[in-house]
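# Inside the fold
Spelled out from the first residue to the last, the chains are:
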Amino acid sequence: MGQRRLLTLAGIAAFWAAVVLYHLISLQVFHHRYYVQLARQHQEVPIEVPAPRGTLFDRNGQTLAMSVPTESVYVNPLKLPDLGMAADLLGRVLHLDRAQLFATLKQAYDDHRGYLLIKHRVDFQEAENLRGLAFDWIGVQHESQRHYPKGDLAAHVLGGVDFSETGTSGVERALEQDLHGVPGEMRLVTDVKGRGIESQLAKPARPGAAITLTIDERIQFVAERELEAAVIEHHAFAGSLVAMNPQNGEVLAMASYPTYDPNQALQGNDPRRINHAVSLPFEPGSVFKVITLSAALETTDLKPDSPINCHGGAFTLPGRVIHDSHAGLGIIPMADVLARSSNSGAVEIGSHVGPENLYKYVRRFGFGQKTGIELKEENRGRVWPFNRWRKTSWASVSMGQEVGVTTLQLAQAAAVVANGGFLIHPHLVLKKNDKPVPVAPPVRILQPDNAILMRSMMEGVVVLPYGTGRRARLDGYSVGGKTGSAQIFDTQTKHYTHSYNGTFMGFAPLTNPALVVVVTLNGTHGEGGFGGVVAAPVFHAVASEALRVMEVPRDLPDDKPHTLVAVAANMDDLADPDRADTDNVLADDDDDAPDAQVAAPSGPTVPNFKGMNMRAVLAQAAEMGITVLPAGSGIARVQNPPAGTPLYEGERIRVQFVR
Amino acid sequence: MSTLPNPFRRTPIAHAAPASAPHTRIHAARDPYLLRPLPGEDLRIEFKTINNSRLVREPDPQARGACWSAIAAGALCVVLLGGALVPRLLNTLEGYKLEALRVENRRLLDERRNLELLEAELTAPQRLQELAKHQNMVVPQSGQVVHLNTPASGDATVAMLP
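Residues numbered from 1 in each chain as written. Chains lettered and ligands numbered in written order. Predicted model: local features only at pLDDT ≥ 70, side-chain atom pairs only at ≥ 80, totals over all residues. Heavy atoms only, no water.

## Overview of the overall build of chain B
Definition in use: Secondary structure counts use DSSP, requiring at least four H or I residues in a row for a helix and at least two E residues in a row for a strand, with both numbered from the N terminus. Throughout, exposure labels follow a simple rule: accessible area from a 1.4 Å probe, protein chains only, divided by the maximum for the residue type, with under 20% read as buried, over 50% as exposed, and the rest as partly exposed. Contact criterion: two residues are considered in contact whenever any of their non-hydrogen atoms come within 4.5 Å of each other. The Shrake-Rupley method, run with a 1.4 Å probe sphere, supplies the accessible areas, and residue values consider only the shown protein chains as cover.
Secondary structure assignment for chain B yields 3 helices and 0 strands. Buried positions account for 10% of the 162 residues belonging to chain B. Within chain B, contacts between residues separated by at least 24 positions form 39% of all contacts whose residues are at least 6 apart in sequence. Surface accessibility of chain B: about 14100 Å² in total, with carbon and sulfur atoms responsible for 63%.

Here you go:
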């Protein structure tokens, strides 16, 4: 009897054990994944790992654009346990008005909305407090906000972003792939109080790349300041400026006016957002004569001193006559055609070059095609296909008509002359994540000797007393350049107006150009709106500051050649009309004032280093106990102070070496 | 002593109550004028002093070993349990610290970005120009610029420009 009872009890126990075992196996084996997932849903919180959009720096590491992470609070109104309690809680934690919050929550609840943003950009402590509550109806989401800490500086280069931080213009748009960050995800195991215990990286974040631009914010600032002043002063409707290193195509400054603040939200098609330097082509006018004369040097026997018949200022073509504004120019050297900016002379030279060669060199200089700069707004300009040229198109093109160019294309063309004949590729991006960005190799399009001849002729534009670009002269640096004043064509009346696109393109120093600056003012008026009057002074201001900032050694003595001021000159069609009143920087007596206070030089006399190599220069300098500041390599070509000058105590001698 | 209730009345075993007492109670209950008994009045607790001083426990030669075995087993269990639980506990505690540090790290990174932004705003050329204007500062003229620690070019060491 007793054994039977025991067996019954054992059977019941075994059955109970079997049931427990079955449930254990069911929980741990068959439904393992389900319950693990269920447990994770309760214990784990997905945390977004922010991946901010890449920062934009200037070439010296100054921040131009950066994204700052922020957090926003949202709720799911459909999950709210109690509207009043939620309004109380959120109002207290987020410092919001309770009544207004309650109304908003109620409205969202009545509308059956599953998402309601409560507050943007909450501070860190507020976000932490809400996370600690661990309510399933409150969420904190990461956001990012783009800032442009320099305001409107380089606005057209940088561009802007939309509400989702997607680039809409400028570098922001062109480098969207690199700048855009992909956020990651982290699974955070929390305790009952919502405190994190352990986290696992589910998906790594990929922050946007840090981009270092070629822009120098100091030069950019001066460029924008001077451009704005010139546009306002000369009542132009727009202006643009490009400063570039002619040796490698690095754009140091790109300014466009009117401008805007990229921190402000984009509203419609704001015309201020147009980057005039790359987006709006214009007829260049006389600056294009540089292309004509370069083609002449390459394809004809013409030399700078070759006589060119300017036909008394009127060149007759089939069906039209081309005039200079000031008649009277007869046969003058080709260099003077450039210095005086004679239209008839340029057309005469163009006739020597021939239409086919002219077209070929226009294309070789990069006109009619994009430069490839990292701006999607870039316009290719306009060069008619050769088969669409009319009978007199070659004449128009010779003096810069019937073509449309951008300021950047002009800078690219000026760089060809400045760097010895290479077509370089302008670019804005220096580094991506501290890795240098490769640049397409330059292409030779001019023979070196012809490039040097062009440089000397362009120097005449600035240096010669009758040159049209005298206002571009720099103190201590040799300058080459060309002015342009193209009448604006009215598409409605089909006539040229008396409004001009005043342009100056130039480079300095002449011996080893370190800087190309092209300035264009659109819509200047009358003779006071010529390029030599409106654009050359901007070049002067910007180039002076840029060369100082770039620490480019001077290649001219500080002594001013006063003789230049006294020489009278003829006015041509595009020369400065008020040249007599022009401030000549080389004759500015104010600059001499500080010298009068300096004690008389007491050091040794400067030796003549010209023609010596660096080793010999340094040896001789060491022997004499003087310090030399060498620049470049090769043979000494230029020195400052010049030979024979007594040195001040402690004064250094700068010597420019050229190969 | 007579006021004490019966249950606490210490009665030596040698002076045990007479056996006739319950009968008296029974007879009293029949008396209509007699009060009814208190609950438990008929219970008595006897105390007896037992002197075991003369008893001697018989020595068990295996008891000592069994005792130590039990202690060792207990200790082993504690060690095993501790070995299994302590790392987990420490892991959890360190996890708290780690997560707190991660949060702190993120907060500091955010703060650094905000400070970098502030620095960039403060060093904006436009702002510097305004400040310079207020302090009557001007851009140095050519020839007034002094370059300190200019990188040497070639073999020459350069200190400053005139």
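## Some thoughts on the sheet that holds strand β28 (residues 653–658) of chain A
Residues and elements named next belong to chain A. The following threshold applies: We call two strands paired when DSSP finds no fewer than two bridges between them. Fitting a line to C-alpha atoms yields each axis, with helices limited to the stretch in contact; the angle taken between N-to-C directions then spans 0 to 180 degrees.
Spatially, the 3 strands line up as an open sheet ordered β26-β28-β27, and their pairing is mixed. Where the open sheet ends on each side, the last strands, each with one partner, are β26 (628–632) and β27 (635–640). Going across the sheet, the axis of each strand differs from the next one's by a mean of 25°, ignoring polarity. Bridge count for β27 against β28 is 5 bridges, and the pairing is antiparallel. Bridge pairing links I635 to V658 in β28. In this fold helix α21 (residues 614–624) packs onto β26, β27 and β28, with an angle of close to 170° to the strand it touches most, β26.

## With respect to a nonpolar patch on the surface
Residue and element names in this part refer to chain A. Note the threshold: In this analysis, a patch consists of residues with relative accessible area above 30% that form no salt bridge, clustered at 9 Å for like charges and at 5 Å for the nonpolar side chains Val, Leu, Ile, Met, Phe, Trp and Tyr. For salt bridges, the criterion is a side-chain nitrogen of Lys or Arg within 4 Å of an Asp or Glu carboxyl oxygen.
A cluster of nonpolar side chains, contributed by W16, V20, L21, L24, I25, V29 and F30, occupies part of the molecular surface with about 730 Å² of accessible area. Positionally, F30 belongs in helix α1 (residues 2–30). Residue classification places F30 among the exposed residues on the basis of a relative accessible area of 60%.

## Regarding the packing of aromatic side chains
Residue and element names in this part refer to chain A. Here is the rule we go by: Stacked, tilted and edge-to-face are the three classes assigned to paired rings of Phe, Tyr and Trp, where Trp is represented by its six-membered ring and a pair needs centres within 6.5 Å; plane angles under 30 degrees give stacked, over 60 edge-to-face, the rest tilted. Both a distance and an angle decide whether a charge sits over a ring: NZ of Lys or CZ of Arg must be within 6 Å of the ring centre and within 35 degrees of the ring normal.
Per the counting criterion, the structure on display carries 10 aromatic pairs over all chains. Taken together, a centroid distance of 5.5 Å and an interplanar angle of 55° make the contact between F386 and W389 tilted. Their ring planes at 55° and their centres at 4.9 Å tell us that F504 and F539 sit as a pair that is tilted. In this pair, F504 is assigned in strand β24 (residues 495–508) and F539 in helix α18 (residues 536–549), connecting sequence segments 35 residues apart. Three or more aromatic residues joined by ring pairs form one cluster here, namely Y359, F386 and W389. Cation over ring: R340 sits above Y466, and NZ or CZ is 4.1 Å from the ring centre. Sitting over the ring of Y361, R364 keeps its end group 4.9 Å from the ring centre.

## A look at the sheet that holds β24(A)
All names here are of chain A. Taken together, the 5 strands give an open sheet; going across it, the order is β12-β11-β25-β24-β23, and neighbouring strands pair in antiparallel fashion. At either end of the open sheet lies a strand with only one pairing partner, and these are β12 (251–257) and β23 (480–490). Adjacent strand axes in the sheet meet at a mean angle of 10°, parallel and antiparallel pairs treated alike. The pairing of β24 with strand β25 (residues 515–525) spans 10 bridges and is antiparallel. Within β25, the position partnered with A508 by the bridge is L515. With respect to the sheet, helix α16 (residues 448–463) is in contact with β23 and β24, its orientation differing from that of β23 by roughly 70°.

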